[in-house]
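Chain and residue survey
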Amino acid sequence: MPDYERAAADRPLASVRRQGRFHPSRFCSKRPPVIAAGSRETLHQPPRHLLAMEGMHPPQIAALLDLAESYALLNRSGKTKRDLLRGQTLINLFFEDSTRTRTSFELAGKRLGADVINMSVSTSSVNKGETLLDTASTLNAMNCDLLVVRHDQSGAPALLAQKVDAAVINAGDGTHEHPTQALLDALTIRRHRGRLEGLVVAICGDVLHSRVARSNIHLLTTMNSRVRVVGPPTLIPSSIAALGVEIFHDMRAGLAGADVVMMLRLQRERMVGGLVPSAREYFRFFGLDAAKLANAKPDALVMHPGPMNRGVEIDSAVADDPQRSVIREQVEMGVAVRMAVLDTLSRGHGRNEP
Ligand code: NCD
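Structure report, in brief. Everything numeric in this text was worked out from a predicted model, so none of it was measured.

So, how was this worked out
The numbers attached to residues start from 1 for each chain and follow its sequence in the written order. In view of the model being predicted, local features appear only for residues whose pLDDT reaches at least 70, and side-chain atom pairs are presented and counted only at 80 or more, with totals across whole chains, interfaces and linings using the full set of residues. The side-chain numbers reported here are obtained from all heavy atoms of the structure, hydrogens and water having been left aside. To be near a molecule or strand, a residue needs just one of its heavy atoms within 4 Å of it. Surface accessibility follows the Shrake-Rupley procedure with a 1.4 Å probe radius. Residue values consider only the protein chains on display as shielding. Secondary structure elements follow DSSP: runs of H or I of four or more residues count as helices, runs of E of two or more count as strands, with numbering from the N terminus. For this scheme, ten residues count as nonpolar: Ala, Val, Leu, Ile, Met, Phe, Trp, Tyr, Cys and Pro. Four count as charged, namely Asp, Glu, Lys and Arg, and the remainder, Gly too, count as polar. We count a salt bridge whenever a side-chain nitrogen from Lys or Arg sits within 4 Å of a carboxyl oxygen from Asp or Glu. Expected span of a helix, by definition, is 1.5 Å for each gap between consecutive residues, and there is one gap fewer than residues. Under the scheme applied here, a residue whose accessible area is under 20% of the maximum for its type counts as buried, over 50% as exposed, and between as partly exposed, the area being computed with a 1.4 Å probe on protein chains only. Ring geometry is summarised as follows: Phe, Tyr and Trp rings, the Trp one being its six-membered ring, pair when their centres sit within 6.5 Å, and such pairs are stacked at plane angles under 30 degrees, edge-to-face over 60 and tilted between the two. Counted as over-ring charges are cases with an Arg CZ or a Lys NZ within 6 Å of the ring centre that also lie within 35 degrees of the ring normal. Two strands qualify as a pair provided DSSP detects at least 2 bridges between them. An axis is simply a line fitted to the C-alpha atoms; with a helix, the fit covers only the stretch in contact. Between two such axes, the angle follows the N-to-C directions and lies from 0 to 180 degrees. The crossover handedness rule: strands pointing away from the viewer, path from first strand over the helix to second strand clockwise, crossover right-handed. Counting of polar contacts relies on pairs of N or O atoms within 3.5 Å, with two restrictions inside protein: one atom must be capable of donating a hydrogen and the other of accepting it, and residues adjacent in sequence are counted only when both atoms are side-chain atoms. Note on contacts: a residue pair is in contact if any heavy atoms of the two residues lie within 4.5 Å. Nonpolar core, defined: a set of buried Ala, Val, Leu, Ile, Met, Phe, Trp, Tyr and Cys residues in which side-chain atoms within 4.5 Å join the residues together. These descriptions rest on fixed angle ranges, namely under 35 degrees for roughly parallel, over 145 for roughly antiparallel, 65 to 115 for roughly perpendicular, and the rest for oblique.

The next point concerns the site of the ligand. Every residue close to the ligand is listed here: Arg-100, Thr-101, Arg-150, His-178, Gln-181, Arg-211, Val-212, Arg-265, Gln-267, Pro-305, Gly-306 and Pro-307. Its free accessible area being 310 Å², the ligand has 94% of it covered by the protein chains. Secondary structure elements with two or more residues in the shell around the ligand: α4 (100-111) and α8 (211-222). By residue class, the composition of the shell around the ligand is 3 nonpolar, 5 polar and 4 charged.

Rendered as structure tokens:
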């Protein structure tokens, strides 16, 4: 059997995992919501939730990327429908708009045979704390196994993880983290460069509001890449240096010799006050075009998590250049990474049961 098939097939049966589902301990769980950083015994154990990249260990990250790689090959081979999660319920709980992330999780769940339900909730008119707790008790009553949460408040998925029985995956919380985006970015880079260690990665633009940047910084520094953040002082919090990154306010200097150029969307919806003078001005200094890209390595990869503001943070000619841009591949790897995460968490979920 090819390695990728063995990797995907060699999992405990879904029925075995589900045995613990109705055990009373599930309703008074005191387990920590994420793997305790630095804890030896949890180092190689499947995590119970995926809430953040911060605190994850290199072997855990590498294991997720290896499994995702096997799913990427499986997806390309056309053998996508598996029954690993048959009988399990995955709920996509989105308190914020999303197309690509929600669809990607939906496809990943369906490809593994789960029953997938999409719930979109508006937070505008409700008391958020109360609603989250109410939602948690509703989800417990529904015996949801895997819960994918996106919320505009940082920390909301972690709060839910303390209250629900399901394994929780953070699909983006406020300006905090977006761990599956960082994993899919890392997988894309690793497929092209064969490694993460020692690479110079320039993360450019609206770092201040970006959960994508934060998750990528944690993942990449953990895997020993050299991370630079590049943007105007108004969009780069100086405290970010504490995460082990170099700060550049000049894009040409920030891109010099970079292996990877990761662009971020200008998140106007999160901005309070005028942090950038105008889209035109922003593009002139911090938009990625061929001239600025020429400062990076000749084969540097161009990435963007989407959705893109063309002509604001990135020029269409660069975004659509098949020689440089791996933006489409990022989307493809998103499904593989989410399959790997669902697979891994469903194992962690079952294995911890008595
Ligand atoms: C990102 C997000 O929502 O944080 N997009 C995504 O997940 N596809 C980045 C962004 O919105 O700019």
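Here we come to the pattern of salt bridges. Summed over the entire model, instances satisfying the criterion amount to 13 salt bridges. Here Arg-102 ties to Glu-106 by a salt bridge, and the two come within 3.0 Å at their closest N and O atoms. Of this pair, Arg-102 and Glu-106 both sit in helix α4, 4 residues apart, roughly one helical turn. If you follow the salt bridges from partner to partner, you end up with Glu-69, Arg-191 and Glu-329 in one network.

For helix α7 (residues 179-193), spanning 15 residues, the distance from its first C-alpha to its last is 21 Å, which sits close to the expected 21 Å at 1.5 Å a residue. Counting buried positions along α7 gives 11 out of 15 residues, so the element sits mostly inside the fold. Directly beyond the C-terminal end of α7, a positive phi value near 75° is found at Gly-194.

As enumerated under the stated definition, the model contains 1 aromatic pair in all. The interplanar angle of 35° and the centroid separation of 6.0 Å between the aromatic rings of Tyr-282 and Phe-286 together place this pair among those described as tilted. You can see Tyr-282 and its partner Phe-286 sitting in helix α10 (residues 279-286), 4 residues apart, about one turn around the helix. Across the pair, exposure class does not vary: Tyr-282 and Phe-286 are buried alike. The lysine or arginine in question, Lys-292, covers the ring of Phe-283, its NZ or CZ lying 5.4 Å from the ring centre. In this arrangement the basic side chain of Arg-338 is found over the ring face of Phe-105, its NZ or CZ atom lying 4.9 Å from the centre.

Our focus in this paragraph is the sheet that holds strand β2 (residues 115-120). The 4 strands lie next to each other as β2-β1-β3-β4, forming an open sheet whose pairing is parallel. Each edge of the sheet is formed by a strand with only one pairing partner; in this case those strands are β2 and β4 (167-173). Direction aside, the axes of adjacent strands within the sheet are offset by 15° on average. Across 5 bridges, the pairing between strand β3 (residues 146-151) and β4 is parallel. Bridging across to β4, Val-149 finds its partner in Asn-170.

What follows concerns the pairing of strand β5 (residues 200-204). Among the 5 residues that make up β5, 5 are buried, leaving the element largely enclosed by the rest of the structure. Residue alternation in β5 divides its side chains into two sets, Val-200, Ala-202 and Cys-204 and Val-201 and Ile-203, and both sets are buried. The sheet contact formed by β5 and strand β6 (residues 226-230) spans 5 bridges and is parallel. The partner of Cys-204 across the bridge, within β6, is Val-230. Chirality of the crossover, the property in question, places the unit of β5, α8 and β6 among those that are right-handed. Pairing geometry for β5 and strand β8 (residues 260-263), over 4 bridges, is parallel.

Turning to the side chain of Ser-210, a few remarks are in order. Summarising the element assignment, Ser-210 is placed in the loop between β5 and α8. A relative accessible area of 1% means that Ser-210 is categorised as buried. Within the structure, the side chain of Ser-210 is placed 3.3 Å from the backbone nitrogen of Val-212, a separation counted as a polar contact. Once you skip the residues sitting within four places of it in the chain, Ser-210 turns out to touch Thr-175, Leu-264 and Gln-267.

Formed by 62 residues in total, the largest nonpolar core has its most connected members in Tyr-71, Leu-183, Ile-203 and Leu-219. Here this core gets 9 residues from one element, more than from any other, and that element is helix α13 (residues 327-351). Beyond its immediate chain neighbours, meaning those up to four positions away, Ile-203 contacts Ala-213, Asn-216, Ile-217, Val-227, Arg-228, Val-229, Val-230, Met-262 and Leu-264. In this structure, Val-261, Phe-286, Ala-296 and Ala-319 belong to the second largest nonpolar core, which totals 26 residues.

Across the interface, helix α3 (residues 58-77) lies against α7 with an axial gap of 10 Å and an inter-helix angle of 70°. By the angle between their axes, α3 is roughly perpendicular relative to α7. Side by side, α3 and α7 meet where Ile-61, Ala-62, Leu-64, Leu-65, Asp-66, Ala-68, Glu-69, Ala-72 and Arg-76 of the first sit next to Leu-183, Ala-186, Leu-187, Arg-190 and Arg-191 of the second. Taken together, the residues of the contact of α3 with α7 break down into 9 nonpolar, no polar and 5 charged.

The subject of this paragraph is the sheet that holds β6. Spatially, β7-β6-β5-β8-β9 is the arrangement adopted by the 5 strands of the open sheet, whose pairing is parallel. Strand pairing shows two members of the sheet lacking a second neighbour, β7 (246-248) and β9 (301-303), which therefore form its edges. Ignoring which end each strand starts from, the neighbouring axes of this sheet average 20° apart.

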